[in-house]
Amino acid sequence: MSGWVRVAGLGPGDAALVTPEVTAALAEATDVLGYVPYVGRVAPRAGLVLHPSDNREEIARAHHAIDLALAGRRAVIVSSGDPGVFAMAAALFEALEARPEAQALDIRILPGITAMLAAAARAGAPLGHDFCAINLSDNLKPWSEVERRLRHAARGGFAMAFYNPRSRARPDGFARALAILREECEPARLILFARAVSTPDEELQTLPLSDATPDMADMRTLVIVGNEDTRQVGRWLYSPRKVAP
Ligand code: SAH
């Protein structure tokens, strides 16, 4: 029997936002690997081995999945949201670079609904024009690089989606990000805090940048800063499709 690896996105939380393709892969899997809370979202069944692990163990997890597939097993690595967005798909290819014997393996990345798109849809259409996504965690890149990209994105006129606004290791990071945004953007610029989107804990809050405080974000929050045209219509937030010449 030939083994395979799938890297699957479980979406932002709601089971209705898991794609049928991901559901089918999980039904065929012999092994599911991933960060503890994500593996916890997969229903146990006879014949399925669950391998929950810590969130700092991405590379070890990727090698484990490769080993399982080489042994003929069907391994699904699960991520929240989309596996290609600040998640396990890149970690798998990083591991694969060191494993020439595994490079012919049957590997597929199964997309999911990333937090940014789920949050934007809840709020309206804040990403209706050009936008970018930035990971505010400095685990894998120096803070100076986070800061540089933040300034360039703001100066480039993009709406910006921020993942990992707060990390336990660096509780003051988001305060520094807000300070930079205040230097680069006007005080009335709209900012959205979307917490635990599509779960029972969901909370959304839109306010001007001048009123935002660091404690409005935590590890379960996706932050969107609009571009200078982003505005509110009724209870919705949107970025118009046209940009003035
Ligand atoms: N691969 C994931 C992102 C992993 S990084 C994806 O595509 O969504 C983890 C960060 O994603 C969190 O710190 C938070 O910023 C964001 N996030 C994940 N799920 C979320 C949700 N349901 N609501 C709001 N933000 C979420």
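All values derive from a computational prediction rather than experimental measurement.

Let us now look at the overall build of the protein chain. In terms of helices and strands, the protein chain carries 7 helices and 13 strands. By the compact-globule yardstick of 18 Å for 245 residues, the protein chain fits well, its C-alpha radius of gyration being 19 Å. Seen through its principal axes, the protein chain has C-alpha atoms that stretch 60 × 35 × 35 Å. Taking the contacts inside the protein chain whose residues are at least 6 apart along the sequence as the reference set, 69% of them involve residues at least 24 apart.

Located in the positive-phi region is Asn 164, a residue other than glycine, with phi close to 50 degrees. Examined against the element boundaries, Asn 164 turns out to sit in the loop between β8 (159–163) and α7 (173–184). Under the relative-accessibility criterion, Asn 164 is labelled partly exposed at 25%. One non-glycine residue, Ser 198, lies in the positive phi region at around 70 degrees.

Moving on: the state of the cysteines. In the structure shown here, the tally under the stated rule is 0 disulfides. Lacking any disulfide linkage, Cys 132 is separated from the closest cysteine sulfur, that of Cys 185, by 11 Å. Take Cys 132: its relative accessible area is 18%, and that puts it in the buried class. Here Cys 185 falls in the buried class, since its relative accessible area comes to 7%.

Let's shift gears to the site of the ligand. Taken together, the neighbourhood of the ligand is formed by 19 residues, with Asp 82, Val 85, Thr 114, Met 219 and Thr 221 sitting nearest. With respect to the ligand, the backbone of Asp 82 contributes an N or O atom lying 2.8 Å from an oxygen atom. One of the side-chain N or O atoms of Asn 164 is found 3.0 Å from an oxygen atom in the ligand. Protein burial of the ligand: of its 550 Å² of free accessible surface, 92% is covered by the chains. Within the shell around the ligand, the residues separate by chemical class into 12 nonpolar, 5 polar and 2 charged. Two domains each put at least three residues into the shell around the ligand: domain 1 (4–113) and domain 2 (116–238).

Attention now moves to the domain arrangement of the protein chain. Examined at the domain level, the protein chain breaks down into domain 1 (4–113) and domain 2 (116–238). For domain 1 versus domain 2, the distance between C-alpha centres works out to 28 Å. The interface is formed by 8 residues belonging to domain 1 together with 10 residues belonging to domain 2. With both chains or domains summed, domain 1 and domain 2 bury close to 650 Å², and 64% of this area falls on carbon and sulfur atoms. Its largest share of buried area at the contact with domain 2, domain 1 owes to Pro 12, Arg 56 and Phe 86, together 62% of the area lost on that side. There are 2 residue pairs in polar contact (both at pLDDT 80 or more) connecting domain 1 and domain 2. Residue composition of the side of domain 1 that touches domain 2, grouped by class: 5 nonpolar, 1 polar and 2 charged.

Time to look at the sheet that holds strand β13 (residues 236–238). Strand order in the open sheet formed by 3 strands is β6-β13-β12, with mixed pairing between adjacent strands. A single partner strand is all that each edge strand has here, and the edge strands are β6 (124–125) and β12 (231–233). Pairing analysis gives 2 bridges linking β6 to β13, with the strands arranged parallel. Bridging across to β13, Ala 125 finds its partner in Tyr 238.

Moving on, we come to the packing of helix α3 (residues 58–70) against helix α4 (residues 88–97). Viewed as axis vectors pointing N to C, α3 and α4 meet at an angle of 70 degrees, and their least axial separation amounts to 8 Å. With respect to α4, the element α3 is oriented roughly perpendicular. Seen from above, α3 lies across α4 with right-handed handedness. Contact residues: Glu 58, Ile 59, Arg 61, Ala 62, His 63 and Ile 66 in α3; Met 88, Ala 91, Leu 92, Glu 94, Ala 95 and Leu 96 in α4. Across the contact of α3 with α4, the residue classes break down as 8 nonpolar, 1 polar and 3 charged.

So, how was this worked out
- Residues numbered from 1 in each chain as written.
- Predicted model: local features only at pLDDT ≥ 70, side-chain atom pairs only at ≥ 80, totals over all residues.
- Heavy atoms only, no water.
- Helix = DSSP H or I, 4+ residues; strand = E, 2+ residues; numbered from the N terminus.
- Rg over C-alpha atoms; globule rule 2.2 N^0.38 Å.
- Contact = heavy atoms within 4.5 Å.
- Buried < 20%, exposed > 50% of the residue type's maximum accessible area, 1.4 Å probe, protein only.
- Disulfide = S-S within 2.5 Å.
- Near = heavy atom within 4 Å.
- Polar contact = N/O pair within 3.5 Å; in protein donor to acceptor, adjacent residues only side chain to side chain.
- Areas by Shrake-Rupley, 256 points an atom, 1.4 Å probe, with all protein chains shown as cover.
- Nonpolar A, V, L, I, M, F, W, Y, C, P; charged D, E, K, R; others polar.
- Domains from an automatic or database assignment.
- Buried area = accessible area lost by both parts, 1.4 Å probe.
- Pairing = 2+ DSSP bridges.
- Axes fitted to C-alpha atoms, helices over the stretch in contact; angles between N-to-C directions.
- Parallel < 35°, antiparallel > 145°, perpendicular 65-115°, else oblique.
- Left-handed = near helix turned anticlockwise from the far one by under 90°.

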